[in-house]
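Close look at the chain arrangement
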Amino acid sequence: MTVYGGDREDYVREAFRSAVVDQALRPDQVVLVQDGPVSPELAACLRHLVAASPVEVTFLPLPHNRGLGPALDAGLQASRHDIVARMDADDVAMPHRFQLQVPLVQAGADLVGAGLLEFGTDTGDIVGRRTPPSDPLDIARYSRLHDPFNHPTVVYRRSAVLAAGGYGDLPLMEDYWLFVRMIAAGAQVVNVAEPLVYYRVGDGAYERRGGRALLRSELRLQREMRRGGFISRTQYWRNVMLRGGYRLVPTPIRRPVYRMIVAPYGARRNRSRGMDVATQVREQVQEAAGAPAMNGRGAVPYVPRHARRDPADDIL
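Residues numbered from 1 in each chain as written. Predicted model: local features only at pLDDT ≥ 70, side-chain atom pairs only at ≥ 80, totals over all residues. Heavy atoms only, no water.

1. Describing the pairing of strand β6 (residues 111-119)
Quick note on the threshold: Burial classes follow relative accessibility: with a 1.4 Å probe on protein chains only, a residue under 20% of its type's maximum area counts as buried, one over 50% as exposed, and anything between as partly exposed. Put simply, DSSP H or I for four residues or longer makes a helix, DSSP E for two residues or longer makes a strand, and each gets a number counted from the N terminus. What makes two strands pair is DSSP finding at least two bridges between them.
Summarising burial for β6: nine of the nine residues are buried, a large majority. Relative to strand β8 (residues 155-157), β6 runs antiparallel, the two being bridged by two bridges. Bridged to Leu111 within β8 is Tyr156. Pairing between β6 and strand β9 (residues 189-200): nine bridges, direction parallel. Considered in β9, the bridge of Leu117 is made with Tyr198. Two strands pair when backbone bridges link them, and β6 and strand β7 (residues 126-130) are joined in this way by four bridges, in the antiparallel orientation.

Written as structure tokens, this is what we have:
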């Protein structure tokens, strides 16, 4: 969990409590990274959380604000455990989150995400839902155009993240770039469709999805994906047009496009496979353990989409 000067102490306190105190399966270690200077009020909040925590807290203050990617990399270096869960400093984890996700990693998965519920003033004010694709083949396919994981929900193997090079420093796109590299390396990836995190969306949530700074990061990400062979030249130009254009449209257009088309993609794919949540989880455990899952079409082993030699890929 990283905290920086722009975070609110009441949000940080609620996020910490939900991910530590209220979890049915509590973590063994909390790595709390302070990314640069913070206000005296927030500093006092962090000191209290460390002192009052029911589990060990490794507090890592960074002298300068380095950005999310480098701060997370510093936190990963401070972790003593191979199973690591991400937690944003203004979100709320559901009490059964780790209880459901950690066994999937223990069974063999390298990266496990989940759905989330967007909320406004409090967790009773639900304004949206993001459902990721659950099937590993759908995840690999989707990653060619969109980030297939809700970053605030992920639990992963530290060793797999470090083997992929960690987050690095690609502002605003560090998570997508990491997940692409993990998929390209053959990591076992799954998503739980069920929402396990309440994601706070304020007035500026959709404004932050656009703008020139994000467009620059977007273009850099697409260049890296093309250079690494994860996407074809055709897919590169498609992504630049679609994703780049999305960054430049006005927020009143960006918001409904995201909620109507992007956020529910996983729900549509999961329904098309005819799997309920319980079946999805069972199949995810099977696939994470290396056993082919049955999805109505016979046994389907995990093969990243970019690794399949299908000429039609270049036009999808």
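More follows now that the structure is in view.
2. A look at the side chain of Asp88
Note the cut-off: N or O atoms within 3.5 Å of each other form a polar contact, as long as, within protein, one can give a hydrogen and the other can take it, and as long as residues adjacent in sequence are counted only when both atoms are side-chain atoms. In this description, contact between two residues means that some pair of their heavy atoms is separated by no more than 4.5 Å.
The residue Asp88 is located in the loop between β4 (83-85) and β5 (92-93) in this model. Asp88 sits in the buried class, given a relative accessible area of 18%. Side chain to side chain, Asp88 and Arg86 meet in a polar contact 2.5 Å long. Apart from residues no more than four positions distant in its own chain, Asp88 is found in contact with Ala15, Pro152 and Tyr199.

3. Quick notes on the nonpolar core
Heads up, the condition is: Nine residue types can take part in a nonpolar core, namely buried Ala, Val, Leu, Ile, Met, Phe, Trp, Tyr and Cys, and a core is a set of them joined through side-chain atoms within 4.5 Å.
Counting residues in each nonpolar core, the largest one holds 31 residues, and the members touching the most others are Leu111, Tyr156, Met182 and Met225. In terms of residue count, helix α7 (residues 174-184) provides more of this core than any other element does, seven residues in total. Not counting chain neighbours up to four residues away, the residues in contact with Leu111 comprise Phe149, Val154, Val155, Tyr156, Phe179, Met182, Gln188, Val189 and Val190. If you look at the next biggest cluster of nonpolar residues, it comprises 22 residues, including Ala15, Val30, Leu46 and Ala89.

4. Considerations on unusual backbone geometry
In the Ramachandran plot, Leu172 falls in the positive-phi region, its phi being about 75° despite a non-glycine side chain. Note on placement: Leu172 falls in the loop between α6 (158-163) and α7.

5. Brief notes about helix α9 (residues 233-248)
Keep this limit in mind: Take the number of residues in a helix, subtract one, and multiply by 1.5 Å to get its expected span.
Over its 16 residues, α9 runs 22 Å from end to end, which matches the ideal 22 Å to within 8%, given 1.5 Å per residue. By the burial criterion, the buried members of α9 are Gln235, Tyr236, Asn239, Val240, Arg243, Gly244, Tyr246 and Arg247.

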